[in-house]
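# Overview (structure and organization)
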Amino acid sequence: MTEVAGSELDERVPGRRWTVRLDAVGRGSTAVRISCSRPACTDQRLPSAAAGRAAAVAHLKAHLRAAPAPRAGAYCACRAEGCHTHLPDTGRDARAEPWRCGGPVVLAVVTDREGRWWQATECCSRCAAATPGARAAATSRAPAPHHSEPPVSVAPRAGAPQFSDRQGAASTGVPAPRSAPVRRRPRQAKIAQRVIPHDLRPVTLRDELVELGDLFRDYQKRSEPDLALLADLHTRKASAFAAWAEATGDTRLRLDAQRAEQAAAAARLQHQQRTGHTTTSTEPDGSGPAVARLLIGPAQWDHARSVLAHATDTAPLPGPEVRLLVVMLTLRAARTGTGNLVGQDLTGLGLSEPEALVTQLADSGWLRLPGTPAELLASRPENPTPITIPSLVPDEDKPVPFTFGRKLRPKLSGWAQRVVLDKKLRKAKTTAGTRLLALVLATHSSPDGRLGSDDQGIGLDHLASWCAVDPGELASLADRLAAADWLTESALTTTCLTGRLTERVLPLTCPLTWPGRAEARGTALVRVNP
């Protein structure tokens, strides 16, 4: 009996099998290669994995459409390899258990979870059903009967096994079992990992939440970020979650609404920093006229203030002229302790005796020159004079006073020159003390130009320390700034200076505070949580 079964298997045709693979071309490249096990198919090369996956699926579908129907007399291709796809080799005892192929021959398609290969196999229906992830693309027809006499209806014995894959099952008089309809659960609508209830009322709120969830998921599929769009989405999410919290009384939803407001402010701030345009409004939604500031972002503003603070602490001589000169020279040699100067850089600062001031700094050891101060003042742009500030030269024994990079240093130096060399300040022939006060006020104002971070003004003691003047001189300096269209609505009390910088100079300012700045500082990149 074994010989008969073996001879029957030898006479059957082996089942077909072909595989379509998706492999990377090489390191450092996003291109992929598609290969097919059929000899007539040549390899294809595509620029990305997504394009390669789509081409591989289309290639396999073309084979399935062109291939003939599964052959009823074909030998199960799965059994030819020991049915390893659905009989794991967990031990000798488990493999010793027999597996019987059976049922009509089908053309099954199997793919891996990562989408790296697709395989079409001509196998029996039992192996196709036992293989994880396999789908039958086509089924063979039942073979025609070899005799002309009608089959005899034989009632099955009680307790005898009945197989639905037997072709003669219909002759027993028992109707073929109908497949149970597949009941698919409706897709759960989600937003921010929260399931939106189907019975949430009002319906307009539920529709808004469902739409927002879809919009966030679409945003995650974008190849390039759009922070303005992301800020609008978070604003809508904050409003929708606040309404959801009111409808359900869930405190966690109210907290999510607050976090969405913070994320919207952070995204809007990052968008303004990337585009170089900020607003003068302190409203959370960022409404207000746009201001293209010379320095963008809280980090650059903090670095500008750190230079002023360093000059205040390390100036070797008193007086506003020396302080202004120390600030400008520090910005030229901030990172390495060395820089280049020309005479025009000093003569345009409004100093009474620039050559004498340079001589005093050189004699004190704070500044080193290769020649004389007169040669420095006579130098031209085509032949600048190198200078050295020993306290700024990097050394292993002392930390570097500044942490900004080499690209930011010229931006800071250019910003300071734009302030102290303002056209109206030069036209009014303002002194070095007035220009130094303009530089200090530009770094100690709110986004809309109000002096101080909380619109309470700046203390006179701090201003006198930063500008190296007596508190009694601040009134005349503020009047000169007002005459030069720098300061308006100014008022000097016994303790502080209040007022607002004019709109003309807002691009030169470095605000102390900003809407959502606290949230943005703690969020280097805005994350999307749909």
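Scroll up to find the structure this text is about.
Residues numbered from 1 in each chain as written. Predicted model: local features only at pLDDT ≥ 70, side-chain atom pairs only at ≥ 80, totals over all residues. Heavy atoms only, no water.

If you trace the 6 strands from one edge of the open sheet to the other, you get β4-β3-β2-β7-β6-β8, paired in antiparallel fashion. Strands at the two margins of the open sheet, each flanked by one partner only, are β4 (44-46) and β8 (135-139). Direction aside, the axes of adjacent strands within the sheet are offset by 20° on average. Here 7 bridges tie strand β6 (residues 105-111) to strand β7 (residues 117-124), and the two strands are oriented antiparallel to one another. Note on β7: the bridge partner recorded for Val109 is Ala120. The strands that helix α2 (residues 49-66) touches are β2 (17-24), β3 (32-36), β4, β6, β7 and β8; relative to β2, the one it contacts most, it runs at about 170°. (Pairing = 2+ DSSP bridges. Helix = DSSP H or I, 4+ residues; strand = E, 2+ residues; numbered from the N terminus. Axes fitted to C-alpha atoms, helices over the stretch in contact; angles between N-to-C directions. Contact = heavy atoms within 4.5 Å.)

Okay, the packing of helix α16 (residues 432-442) against helix α17 (residues 460-467) next. At their nearest, the axes of α16 and α17 sit 10 Å apart, and the two run at 125° to each other. Put simply, α16 runs oblique to α17. For α16 against α17, the interelement crossing comes out right-handed. On the side of α16, the interface is formed by Leu436, Leu437, Val440 and Leu441, while α17 contributes Leu463, Trp466 and Cys467. Looking at the contact of α16 with α17 residue by residue, the class counts come to 7 nonpolar, no polar and no charged. (Parallel < 35°, antiparallel > 145°, perpendicular 65-115°, else oblique. Left-handed = near helix turned anticlockwise from the far one by under 90°. Nonpolar A, V, L, I, M, F, W, Y, C, P; charged D, E, K, R; others polar.)

A separate point is a positive patch on the surface. A contiguous patch of positive charge on the surface is contributed by Arg335, Arg406, Lys407 and Lys411. Position of Lys407 among the secondary structure elements: in the loop between β14 (385-388) and α14 (408-420). Residue classification places Lys407 among the exposed positions, given a relative accessible area of 63%. (Patch = residues over 30% accessible without salt bridge, like charges linked within 9 Å, V, L, I, M, F, W, Y side chains within 5 Å. Areas by Shrake-Rupley, 256 points an atom, 1.4 Å probe, with all protein chains shown as cover. Salt bridge = Lys/Arg side-chain N within 4 Å of Asp/Glu carboxyl O. Lys, Arg positive; Asp, Glu negative; His and termini not counted. Charge placed at Lys NZ, Arg CZ, Asp CG, Glu CD. Buried < 20%, exposed > 50% of the residue type's maximum accessible area, 1.4 Å probe, protein only.)

Bringing the pattern of salt bridges into the picture now. Here the structure, examined in full by the defined rule, presents 18 salt bridges. Put simply, Arg236 and Glu211 hold a salt bridge, and the shortest N to O gap is 3.8 Å. With a gap of 25 residues between them, Arg236 in helix α7 (residues 227-248) and Glu211 in helix α6 (residues 203-220) connect regions that are remote in the sequence. Looking at Glu211, the relative accessible area reads 40%, which means it is partly exposed. For the salt bridge of Arg252 with Asp250, the shortest nitrogen-to-oxygen distance reads 3.4 Å.

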